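Chain residues, written in single-letter form:
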Amino acid sequence: MYHTLWFSKCPPPAGVTVRCSMKEPPLMKGCWEPNLKLRKAQRLFEDQVLGPESIANIGDVLFSGTADGKIVKLVGRRIHTVTRLGKPPCGSRDEELNCGRPLGIRVGPNGTLIIADAYLGVYEVNPTTGETTRLVAGGQEVAGRKLSFINDVAVTQDGKKVYFTVSSSRWQRKDYLNLIMEATADGRVLEYDTVTRELSVIMENLRFPNGIQLLPDEESVLVAETTMARIRRVHVAGLNKGGMETFMDNLPGFPDNIRPSSTGGYWVAMSAVRPNPGFSMLDFLSQRPWIKKLLFKLFSHEVLNKFVTRYSLVAELHDGGVCTRSFHDPSGLVLAYISEVHEHDGSLYLGSFHSPYVGKLDLNDV
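In this text, all values refer to a predicted model and were calculated from it rather than measured experimentally.

Enquirer: Give me the lowdown on the packing of aromatic side chains, citing residues and values where you can.
Expert: One pass over the structure, following the stated rule, counts 4 aromatic pairs. Measuring from centroid to centroid gives 6.3 Å for Phe247 and Tyr266, while their planes differ by 90°, and the two rings are edge-to-face. Taken as a pair, Phe247 in strand 19 (residues 244-248) and Tyr266 in strand 21 (residues 266-273) lie far apart in primary sequence, 19 residues in all. Phe247 sits in the buried class, given a relative accessible area of 12%.

Enquirer: Provide a residue-level description of the sheet that holds strand 21, including the pertinent values.
Expert: Within the open sheet, the 4 strands sit side by side as 20-21-22-23. Their pairing is antiparallel. Strands with a single pairing partner mark the edges of an open sheet, and in this sheet they are strand 20 (253-260) and strand 23 (322-329). On average, each strand axis in the sheet is tilted by 25° relative to the strand beside it, whichever way the strands run. Looking at chain direction, strand 21 and strand 22 (residues 312-318) are connected through 5 bridges and run antiparallel. Bridge pairing links Met270 to Leu313 in strand 22.

Enquirer: Help me get a handle on the sheet that holds strand 16 (residues 209-214), residues and values and all.
Expert: Reading across from one edge, 16-17-18-19 is the order of the 4 strands in this open sheet, with antiparallel pairing throughout. Edge strands, defined here as strands with exactly one partner in the open sheet, are strand 16 and strand 19. Along the sheet, successive strands turn relative to each other by an average axial angle of 30°, direction set aside.

Enquirer: Could you give an account of the confidence of the model for the chain, with specific residues and numbers?
Expert: In the predicted model, the chain carries a mean pLDDT of 91, and 93% of its residues have values of at least 70. Note that residues 1-9 has pLDDT below 50 and, in this model, 55 contacts with residues that lie over four places away or in other chains.

Enquirer: How would you sum up the pattern of salt bridges? Please name residues and give values.
Expert: For the structure on display, the rule yields 16 salt bridges. With a shortest N-O distance of 3.0 Å, Lys161 and Asp193 are connected by a salt bridge. On the criterion of sequence distance, the pair formed by Lys161 in strand 13 (residues 161-168) and Asp193 in strand 14 (residues 187-193) is long-range, its members being 32 residues apart. Accessibility expressed as a relative area gives 12% for Asp193, which makes it buried. In this structure, Glu225 and Arg232 form a salt bridge, with 3.4 Å as the shortest nitrogen-oxygen distance. Residue Arg232 is classed as buried on the basis of its relative accessible area of 12%. One network of salt bridges, with partners in common, ties together Lys161, Glu191, Asp193 and Lys241.

Procedures and definitions
- Residues numbered from 1 in each chain as written.
- Predicted model: local features only at pLDDT ≥ 70, side-chain atom pairs only at ≥ 80, totals over all residues.
- Heavy atoms only, no water.
- Phe/Tyr/Trp six-rings, centres within 6.5 Å; stacked < 30°, edge-to-face > 60°.
- Helix = DSSP H or I, 4+ residues; strand = E, 2+ residues; numbered from the N terminus.
- Buried < 20%, exposed > 50% of the residue type's maximum accessible area, 1.4 Å probe, protein only.
- Pairing = 2+ DSSP bridges.
- Axes fitted to C-alpha atoms, helices over the stretch in contact; angles between N-to-C directions.
- pLDDT = per-residue confidence, 0-100.
- Contact = heavy atoms within 4.5 Å.
- Salt bridge = Lys/Arg side-chain N within 4 Å of Asp/Glu carboxyl O.

Here you go:
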């Protein structure tokens, strides 16, 4: 979601809307050449799940968290509710605080689900019984900043370390457009030790850190820095712990979740695009804070969301920040608002932060 910024020209004072110099988006050619491949996908569970942001699988059983606060199990054509992390009523933006909004979901080494809820915290859930254990409480203060907007989660193979992104300490998920408007650099990556139960900050001052994915050596993670349209590599262990470099800069879209591909790369979902050639409203506004501020006064969050083009784009990236293939649906005709690409058994399962379905794309068809 949103705009490319340079730290030198974008100081991060909270509550202040800043003007940011833009880096021109890359031309959509080569690997990024527009196509219609996402239109070969099918919609699963249409109008039965709302906003299945992230997807995990145990065998052929899929799991996801939905906008109405549920953790659901998708078996064949049936949907079962595993549990709820929060309390109803659910459905409106203001009810999210108590209802909860499960976002990132992973399978831990002992077959439990590790779930990041934007408001309530990081949980471990038994997928069979629905029993839940809260590992990290949302909203608490850690090293002087609140865990106001927890987003995605990753877990080591031995289950001893859980890494998660906090997109902001100032803004909650329901106010994410304010986070975009201010271009706030108050996001962090944290580590939870499941043995000692200690919580520590690995990296801070990120702009809208979103998806997170461990690399195979488990000494670093890839982090989507959404408002920077780039992906960072953050070292979480080993000699370089606490260090960071850019994995891929100036993407043609605003990256959301990152998940592994079967070829040794990473699937990245773009929550919105920066078309070139073309016009990106979000890039345009990032250089004109006074217009942005006016729009926020005049229009609701729901109306402002409609300013974002429904162009759907997912890409496979490899080490060195190389794009190897991308799939598009230029008007979001079949799939819209894609938040994650989860590969399983020759197909891509596509999550969404807003759409009422799960997408499925057979890789043999593209």
